Each structure stands twice: as structure tokens, then as C-alpha cells.
Amino acid sequence: MATYQKFEQFVEDLSHKVHDMSADAFTVALTTAANAPVVTNSILGNLTEIAYTNLSTRVLATPTTSAQTSGTFTQLWPDLVLTASGAVATFRYVVIYNDTPTSPADPLICFYDYGSDLTLASGETLTIDFTTSSFTIV
């Protein structure tokens, strides 16, 4: 199972109205262990993505639910299935960013560390499972 980590800037960006969690376009970026994200990254430009050649759409669907309980906010997106139509470059991290804002451009939300390198051959899939929560703000 992948390990969740939010980017520190995300919380401040929320207070500055950078994100509209119910309407903006949220997208997945894939990175390698050599280009691992760190919690102090703030925009997609801080990261080096793999090429998306031979991969299906990486845009997340509209969130299915969001709720606050006792001061903890949880957002849930439907699972995203990445399908390879040919060989895909090796990656380890799945990063979620907001593709809508222009200032700052492509602010980061969170990332998932799969713990080891992943590869997809033609016809293989990776399900990014948001069953419990996409992210939580405490």
C-alpha cells in the first residue's frame, strides 16, 4: 500500500483560496526515486515528471465526497486507473496537483510513495485507490 504525505504549502494555499476543491481540475504526476518529491515542494515545476507516453488520462474525476468531522477535513476522489498502451517509464511516486490555478501555477496537494519502483507494460494497469480518503487535513 502506498504511503500518503501532504505538501506543507497546500494548507497555506487553502487559506489563500488557491484551491476550489469541488471544481478545480486535479491531475496526477508520476516521479522517480531519483526525483522524489519532498514536503517542502510547492508547485509542479519543483518536480521532474516521467514522460506520459503510452498512459491513459491522469485527470481525477470530481470528488465524490468531502466532509469535516471534529475539525478534521477529508476529501475523497473516485479511484483512478492508469492504463498502459505501451511501455511506461519507471516511477515510484504519484503526486496530485491542481491544474487550474495560474498563480501559483500547478500547486501541489499531496503524494503517495509506493515504496519501490513500478513499471507498466502494454495492457497493464495501476489503480490509484482512494477508498479511505484522498487526503485529510487535521
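Here is what the cut-offs are and how they apply
- Residues numbered from 1 in each chain as written.
- Predicted model: local features only at pLDDT ≥ 70, side-chain atom pairs only at ≥ 80, totals over all residues.
- Heavy atoms only, no water.
- Pairing = 2+ DSSP bridges.
- Helix = DSSP H or I, 4+ residues; strand = E, 2+ residues; numbered from the N terminus.
- Axes fitted to C-alpha atoms, helices over the stretch in contact; angles between N-to-C directions.
- Contact = heavy atoms within 4.5 Å.
- Phe/Tyr/Trp six-rings, centres within 6.5 Å; stacked < 30°, edge-to-face > 60°.
- Buried < 20%, exposed > 50% of the residue type's maximum accessible area, 1.4 Å probe, protein only.
- Lys NZ or Arg CZ within 6 Å of the ring centre and 35° of its normal.
- Salt bridge = Lys/Arg side-chain N within 4 Å of Asp/Glu carboxyl O.

(A) Structural view of the sheet that holds strand β7 (residues 108-120). Taking strand neighbours across the sheet as the criterion, the 4 strands line up as β1-β7-β6-β2 in an open arrangement whose pairing is antiparallel. Each edge of the open sheet carries a strand with a single partner, namely β1 (3-6) and β2 (26-31). Strand-to-strand twist across the sheet, computed as the mean angle between neighbouring axes with direction ignored, equals 25 degrees. Across 7 bridges, the pairing between strand β6 (residues 88-98) and β7 is antiparallel. Along β7, the bridge assignment pairs tyrosine 93 with aspartate 113.

(B) Layout of the pairing of strand β4 (residues 72-76). Sheet analysis places strand β3 (residues 65-69) next to β4, joined by 5 bridges and oriented antiparallel. What sits directly across from threonine 65, in β4, is leucine 76. Count of turn residues in the β3/β4 antiparallel hairpin: 2 residues, of which serine 70 carries a positive phi of about 50 degrees.

(C) The side chain of threonine 31, seen in detail. Here threonine 31 lies in strand β2. Ignoring anything within four residues of it in the chain, the contact list for threonine 31 reads Pro37, Leu47, Thr48, Glu49, Ile50, Phe91, Arg92, Tyr93 and Val95.

(D) Here's a closer look at the packing of aromatic side chains. Evaluated as defined, the whole model comprises 4 aromatic pairs. With a centroid separation of 5.1 Å and 50 degrees between ring planes, the pair formed by phenylalanine 7 and phenylalanine 111 is classed as tilted. Remark: phenylalanine 111 occurs in strand β7 and phenylalanine 7 occurs in the loop between β1 and α1 (8-15); sequence separation between them is 104 residues. For the pair shown, phenylalanine 7 and phenylalanine 111 are each scored as buried. Three or more aromatic residues joined by ring pairs form one cluster here, namely Phe7, Tyr93 and Phe111. Cation over ring: arginine 58 sits above tyrosine 52, and NZ or CZ is 3.7 Å from the ring centre.

(E) View of the pattern of salt bridges. Inspection of the entire model under this criterion finds 2 salt bridges. Here arginine 58 makes a salt bridge to glutamate 49, at a shortest N to O gap of 3.3 Å. The class for glutamate 49 is partly exposed, based on a relative accessible area of 30%. Here aspartate 113 ties to arginine 92 by a salt bridge, and the two come within 2.7 Å at their closest N and O atoms. Of this pair, aspartate 113 sits in strand β7 while arginine 92 is found in strand β6, placing the two residues 21 residues apart along the sequence. The buried category is assigned to aspartate 113, whose relative accessible area is 17%.

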